[in-house]
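# Understanding the architecture of this molecule
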Amino acid sequence: MTFLSRTTPNMAQAFQNIEETVQNDLLPSITGFIPKKEERELFSLPLRQGGLNMVLPDDRNGDYEWSISVSNPLKKPETAENVQQQVIASINSEKKIILDHKKATVQNALDEELKYATQLASEKGTSNWLNAITLKKYNFDLTKREFRDGISLRYARPLTNTPSLCPCGKNFSTTHALHCPKGGYTKIRHNGIRDTFANIMKEVCFDVEIEPHLQKLDGETFSSNSTTTEDEARLDIKANGLWESPFSRTFFDVKVFNPLAKSCPRILNDAYKYHESLKKIKYEQRIIDVEHSSFPPLVFACTGGAGPSATKTIKQLASKLSTKKEEPYPDVISYIRTKISFALFRSCVLCLRGCRSLKKAPAVENSCDAIVQEGRLHLPQL
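Anyway, here's the lowdown on the structure attached to this text. (Residues numbered from 1 in each chain as written. Predicted model: local features only at pLDDT ≥ 70, side-chain atom pairs only at ≥ 80, totals over all residues. Heavy atoms only, no water.)

### Considerations on helix H12 (residues 308–325)
An ideal rise of 1.5 Å per residue puts 26 Å on 18 residues; H12 measures up with 26 Å between its terminal C-alpha atoms. Of the residues making up H12, those classed as buried are Ser309, Ala310, Thr313, Ile314, Leu317, Ala318, Leu321 and Ser322. Packed against the buried residues of H12 are helix H10 (185–204), strand E3 (249–252), helix H11 (268–291), strand E5 (298–301) and helix H13 (329–353). Glutamate 326, located one to two residues past H12, shows a positive phi value of around 55°. (Helix = DSSP H or I, 4+ residues; strand = E, 2+ residues; numbered from the N terminus. Expected span 1.5 Å × (residues − 1). Buried < 20%, exposed > 50% of the residue type's maximum accessible area, 1.4 Å probe, protein only. Contact = heavy atoms within 4.5 Å.)

### Quick word on the packing of H11 against H12
Following both chains from N to C, one finds H11 and H12 inclined at 85°, their axes separated by 9 Å at the closest point. Judged by the angle between their axes, H11 and H12 are roughly perpendicular. Contacts from Tyr272, Glu276 and Lys280 in H11 reach Pro308, Ser309 and Ala310 in H12. Across the contact of H11 with H12, the residue classes break down as 3 nonpolar, 1 polar and 2 charged. (Axes fitted to C-alpha atoms, helices over the stretch in contact; angles between N-to-C directions. Parallel < 35°, antiparallel > 145°, perpendicular 65-115°, else oblique. Nonpolar A, V, L, I, M, F, W, Y, C, P; charged D, E, K, R; others polar.)

### As for the sheet that holds strand E1 (residues 206–210)
Pairing in this open sheet of 3 strands is antiparallel, and the strands run E1-E2-E3 from one edge to the other. The open sheet has two edge strands, E1 and E3, and neither has a second partner. Across this sheet, the average inter-strand angle for adjacent strands is 10°, counted without regard to direction. Sheet analysis places E1 next to strand E2 (residues 237–240), joined by 3 bridges and oriented antiparallel. For isoleucine 210, the partnering residue across the bridge sits in E2 and is isoleucine 237. (Pairing = 2+ DSSP bridges.)

Take a look at the structure:
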């Protein structure tokens, strides 16, 4: 479509038949539902703005004229490069104005729930799972249901084939499933992010440790009563050499929150700052005064967004990894964000679809030795 729209005038009308097939056949086969008009408009936006980058015929209206404008300078080869750069800059500026106007128009047509879902989907790194080629060797492959559940979560759509009641006793819903502790899936989600960061840190840091204990206190006191004084206090990760010298120590603690919860602030920046402040109130003064270390909390929304401290940490990791491996920084940071995106995405699907049965029958009801003796399971010696 891109080639045709750039080389042939007035192609928007010719693409209408294709659009009918996309809307009535292709999109339902991918998403599992027929999109409403406002949803189809939303899907045409770029991924970074909460869409699916499945453009509409009208989005191609200017392609032919822009292509002519870029090609005309080639008639004078001696000045073509400079003129083309100016033309491309002008076209990009025009495209941005058109896209911003379209985004505002689309947003105004959405209800509050879908508008908030789009805001979540527009965060940096949230759409990386959609942008990756489904390579199994990198664990980037998804099943049909996983993909459709991801689309439903992204656009505040109800899930199909879910129970009416959660085994914890409360009504089942997407919001409830994402923070229900029953089944241990929220802990798996937390540990997945912890392990992802720890594995990357092992590439560029020293003395990386998971769940390190803090030093026991010997009479030290803190100005804040909220600072933890527990002897068994521990955090998620410890690493040396991330920020300064190999001897500069940093402690990290992971928090993954549910932005759909009623208690969560609807302004995302406030939500990240709130959860970061809770971590800092509990640990920061002790880490600075006793451990003589720094403490950036790693706060994430379960939908994929990252807080300010986590974003800064990701950039620093990408910078050091890029230098070590001599690879482009944009490629490295894209890789890190994609790893995090898939870790959060898979854990969300697990929260939504994982079994939370009330009773678990033991796989082995007695000791293996007793069963072997009673059943005479020993193999005869040859």
